[in-house]
Every structure is written in C-alpha cells, then in structure tokens.
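Structure at a glance
The residues making up each chain are set out below.
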Amino acid sequence: MRATTTLVSRGSPLASGAQQLQVLQRLELADFSETLSPAGIEIFQINVGKLCNMTCRHCHVDAGPERTAEMMSRETVDLCLAALDRTAAGTVDITGGAPELNPHFRYLVDQCVARGKRVIDRCNLTVLLTGPCRDLPEWFAQRGVEIVCSLPHYRKRNTDLQRGDGTFDKSIEALRRLNAVGYGRGDPRLRLVLMHNPVGAFLSGDQKSMEREWKQGLAANHGVTFDALISLNNMPISRFLEWLEASGNLQEYMERLVNAYNPATLPGLMCRNTISVGWDGRLYDCDFNQMLELEARSLGGAALHIRDFDPARLRERPIVTGRHCFGCTAGAGSSCGGAVAA
Ligand code: SF4
Ligand code: SF4
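Here's what I pulled together on the structure shown here. Everything quoted here is computed from the prediction, not taken from an experiment. (Residues numbered from 1 in each chain as written. Chains lettered and ligands numbered in written order. Predicted model: local features only at pLDDT ≥ 70, side-chain atom pairs only at ≥ 80, totals over all residues. Heavy atoms only, no water.)

With that settled, the discussion passes to the overall build of the chain. Across its full length, the chain carries 12 helices and eight strands. Radius of gyration (C-alpha) of the chain: 19 Å, near the 20 Å computed for a compact globule of 342 residues. Seen along its three principal axes, the alpha-carbon backbone of the chain occupies a region of about 50 × 45 × 40 Å. Relative to its full complement of 342 residues, the chain shows a buried share of 56%. A fraction of 74% describes how many contacts in the chain between residues 6 or more apart in sequence connect residues 24 or more apart. Of the accessible surface of the chain, which amounts to about 13700 Å², a share of 50% is contributed by carbon and sulfur atoms. (Helix = DSSP H or I, 4+ residues; strand = E, 2+ residues; numbered from the N terminus. Rg over C-alpha atoms; globule rule 2.2 N^0.38 Å. Buried < 20%, exposed > 50% of the residue type's maximum accessible area, 1.4 Å probe, protein only. Contact = heavy atoms within 4.5 Å. Areas by Shrake-Rupley, 256 points an atom, 1.4 Å probe, with all protein chains shown as cover.)

Structure follows, in structure tokens:
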C-alpha cells in the first residue's frame, strides 16, 4: 500500500477546516451539546508546523513533505517561551508534522529543558533515519526528552496499510536506535511511549490489554522494548475524514462514536488542561480544533494569539466544541495522552 498525498496538493475542498465542519454538520446525527470549561494550563502544546517526511492516510494534520510554508518562526518560538513563563505548565508537548524538521526545534527543546519542563517530542520514528535527524536519539537522551512515537500497529501489514510500504521496518530500526541509547527500558528519564490508532473505522481497544500484547509482540519478534502504550481514536478530521467519506464509512463511524459517548471522559479531556499553539501563533483549545481552524476565543468572542497571551483571559474562555468532539468522548475517551476514563 502506498501512502497518500496531501489534501492541499490535490486541491481538495477538505483542505479547508470550514468544509470539514460542514461535512460533519450535514450528517443525520446528534450534536455535541456539552459545555466545556478550561481547568488551568498543565500542558503547553506547540505545533511547530505541517512539514513531515511522510503522508499517512489517517493524518489529521494533512501534513506532508511539500508543506514547507507552515513552519513556526524563531520569533513565534520566542513568543511561546515568553508565554510559557507566564503559566504553571509543567509539560511542553511539541508536535507537527514531524516537529524535528523545524529548524528551531533543537533551540525550543533546549529552552524548555533549561526551564525544568518535562518535554515531549511527538515523533513519527521514520524521521530519525533521515539525514539531519540521525543523531537525535543520543541528543534526546542527553536532555531526558520523552518520546511519544506513533506506530499504528505492532504488525507490519497493519502499519504499512496506514503509513505506506516500508514504514514498519524503518520504525523498528528507529525504535532499536532509541533502545540502544537507553529509551524504553524502564528509566523514567528516558521514557518511550508508543501511540496506537486503529487501522480502520472502529474505536480503539482496551489500552492496558493492548499494551501487554504489543510488548510481547515487539519483544519476541523484533527485540524492541518500550515503556507504555497509549491508544487514540481516529478523529473525523482531514485525511481520515476524506477516507471515511470515500469509503462510505462516515455516517456509520460517527454513529459509532455518538453511541459510545461516555460522560466519564469529560473531566479528563485534553482541552481542559492544555493550550495548543499553531505554527503561526494562533491559539486553540486542542490540536484537533487547530486542524479545523476553530480558534480559541475569549469570553467576548475575540480570536486569541500568542503575542497577546493572557492566562487569566484564557481561563475565562468557553472551549469551542463540535461533532468532532465525539471522537474524544467515545468509549474510554481519547486524548494526546491516550484513554481518559477507565
Ligand atoms: S500522521 Fe504523523 S507521520 Fe503521518 S503524515 Fe501526519 S504528521 Fe506525518
Ligand atoms: S476535539 Fe476533543 S479535546 Fe478538542 S475541544 Fe473537542 S473534546 Fe476537547
């Protein structure tokens, strides 16, 4: 199976967040009617751009190799650091695209480490085999950066179906390199987390039992170890939304999410303890709203930007929701940290 191409490069209407929202709104479906309020910023998430060395079918960012225009500048990185200093956030979660491809990535990591933050790099694994990133496993280990790696499945066929032929073998090679410098062996300073999402129109399975199965499968077949597995539902956004529509699965998948709605997920939703910064400095309640271009808004309705960062104003804001929120609240729930309810 080959990987796909970006919606933007194909001129697809679904490249627009507004168009994606319209597609979801046209469905015969209950609306997401919960009112969500922020509970204080614990995680400062920075999306440094849409550039990626891959073009996976399920990508909710519509990332790809030609997306060089959407790249966080050094000036915006510095605005993020100044804003970070005005919060009590203990964690900085750096994502993309492939965040390692941003030229200011190492500067950002070093600045966050110097501030004593827990730094998470959301890594697609294969990027660690590309030229300028080959030294990153050692570089990360020296700084104690936590690596959260996306790997759709521990079986080759399932992973390559979603990410493109050859991805699994490269991912295993990257995991071996991380293991070789001490990641994934139980050292809390060198934490290696795998992130799973279903390869198809169904919900994530039980995180704990999958973790056991994956640990056995990867150790027995590839000699690879990791510390924890988190599982995420695929969000009905961007290229996964396109696939759902094209394959005739959209209505059924959304009904599955709505029917599995679980109010116990509400307190743990990531939009409640995270602020998400876009590559151009715009602020969002979460990475998913970011991809739908649903900006975080003040109580008065003004769109918010990192240059005017004001924690008190953010605390008052209502979180922007929509039908895509059923993706986070179905079953055990789903967030950048995995399941959110038992
Ligand atoms: S899912 Fe991740 S690795 Fe795949 S194209 Fe999107 S950002 Fe890149
Ligand atoms: S998509 Fe999820 S994290 Fe984002 S606002 Fe909706 S429920 Fe919250």
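Let us keep going from here.
Glancing now at the pairing of strand E5 (residues 192-196). By the criterion of burial, E5 is predominantly enclosed, with five of the five residues buried. Residues Leu192, Leu194 and His196 point to one face of E5 and Val193 and Met195 to the other, with burial holding for every one of them. The pairing of strand E4 (residues 146-150) with E5 spans four bridges and is classified as parallel. From the neighbouring strand, Cys149 faces E5, where its bridge partner is Leu194. Bridge count for E5 against strand E6 (residues 228-231) is four bridges, and the pairing is parallel. Its bridge partner lying in E6, Met195 is registered against Ile230. (Pairing = 2+ DSSP bridges.)

What follows deals with the state of the cysteines. Under the counting rule described, the total for this entry stands at zero disulfides. The closest cysteine sulfur to the non-disulfide-bonded Cys133 is located on Cys123, 8.3 Å from its own sulfur. (Disulfide = S-S within 2.5 Å.)

Further remarks concern the environment of Gly281. If you trace the backbone, Gly281 turns up in the loop between strand E7 (274-277) and strand E8 (283-284). Put simply, Gly281 and Leu125 are 156 residues apart on the chain and 26 Å apart in space, counted from C-alpha to C-alpha. Every residue in contact with Gly281, bar those within four places of it in the chain, is listed here: Thr76, His305 and Ile306.

Turning our attention to the sheet that holds strand E1 (residues 43-47). In space, the eight strands of this open sheet follow the order E6-E5-E4-E3-E2-E1-E7-E8, with mixed pairing throughout. Pairing within the sheet leaves two strands with one partner each, and these edge strands are E6 and E8. One ladder, built from four bridges, connects E1 with E7; its direction is parallel. Residue pairing across strands places Ile43 opposite Thr274, the latter belonging to E7.

Here we come to the site of ligand 1. Taken together, Cys52, Met54, Thr55, Cys56, His58, Cys59, Ala63, Gly97, Asn124, Arg163 and Arg239 are the residues near ligand 1. Considered class by class, the residues forming the shell around ligand 1 number five nonpolar, four polar and two charged. (Near = heavy atom within 4 Å. Nonpolar A, V, L, I, M, F, W, Y, C, P; charged D, E, K, R; others polar.)

Two residues of an α-helix separated by three or four positions point the same way, owing to the 3.6 residues in each turn. Burial in helix H2 (residues 74-84) covers these residues: Thr76, Val77, Cys80, Leu81, Ala83 and Leu84. Buried residues of H2 fall within an arc of 160° about the axis and therefore sit on the same side. The inward-facing, buried residues of H2 contact E1, strand E2 (91-95), helix H3 (105-114) and E7. (Arc of directions from axis to C-beta.)

Bringing the packing of aromatic side chains into the picture now. Inspection of the entire model under this criterion finds nine aromatic pairs. Measuring from ring centre to ring centre gives 6.3 Å for Phe32 and Tyr261, while their planes differ by 85°; the resulting arrangement is edge-to-face. Residue Phe32 is found in the loop between helix H1 (17-25) and E1, and its partner Tyr261 is found in the loop between helix H9 (250-259) and E7; the two are separated by 229 residues along the sequence. Here Phe32 falls in the buried class, since its relative accessible area comes to 8%. With 6.2 Å between their ring centres and 90° between their planes, Tyr261 and Phe326 make a pair best called edge-to-face. On the criterion of sequence distance, the pair formed by Tyr261 in the loop between H9 and E7 and Phe326 in helix H12 (residues 326-329) is long-range, its members being 65 residues apart. When its relative accessible area of 24% is taken as the criterion, Tyr261 is described as partly exposed. According to the relative accessible area criterion, Phe326 is buried, its value standing at 4%. (Phe/Tyr/Trp six-rings, centres within 6.5 Å; stacked < 30°, edge-to-face > 60°.)

Turning to the side chain of His58, a few remarks are in order. When you line up the elements, His58 lands in the loop between E1 and H2. Ignoring anything within four residues of it in the chain, the contact list for His58 reads Gln162, Arg163, Asn197, Asn234 and Phe240.

One way to put it is that helix H5 (residues 156-163) packs onto helix H6 (residues 167-180) with a least axis distance of 8 Å and a crossing angle of 110°. The pairing of H5 with H6 is recorded here as roughly perpendicular in orientation. Residue-level inspection shows Lys156, Thr159, Asp160 and Arg163 of H5 in contact with H6, the latter providing Thr167, Phe168 and Asp169. Class assignment of the residues belonging to the contact of H5 with H6 gives a composition of one nonpolar, two polar and four charged. (Axes fitted to C-alpha atoms, helices over the stretch in contact; angles between N-to-C directions. Parallel < 35°, antiparallel > 145°, perpendicular 65-115°, else oblique.)

The backbone of Asp62 sits at a positive phi, close to 55°, despite the residue not being glycine. Tracing the sequence through the fold places Asp62 in the loop between E1 and H2. Judged by relative accessible area, which is 4%, Asp62 ranks as buried. One non-glycine residue with positive phi stands out, namely Glu293, at about 60°. Note on placement: Glu293 falls in the loop between helix H10 (287-291) and helix H11 (311-316). Judged by relative accessible area, Glu293 falls into the partly exposed class, the value being 44%.

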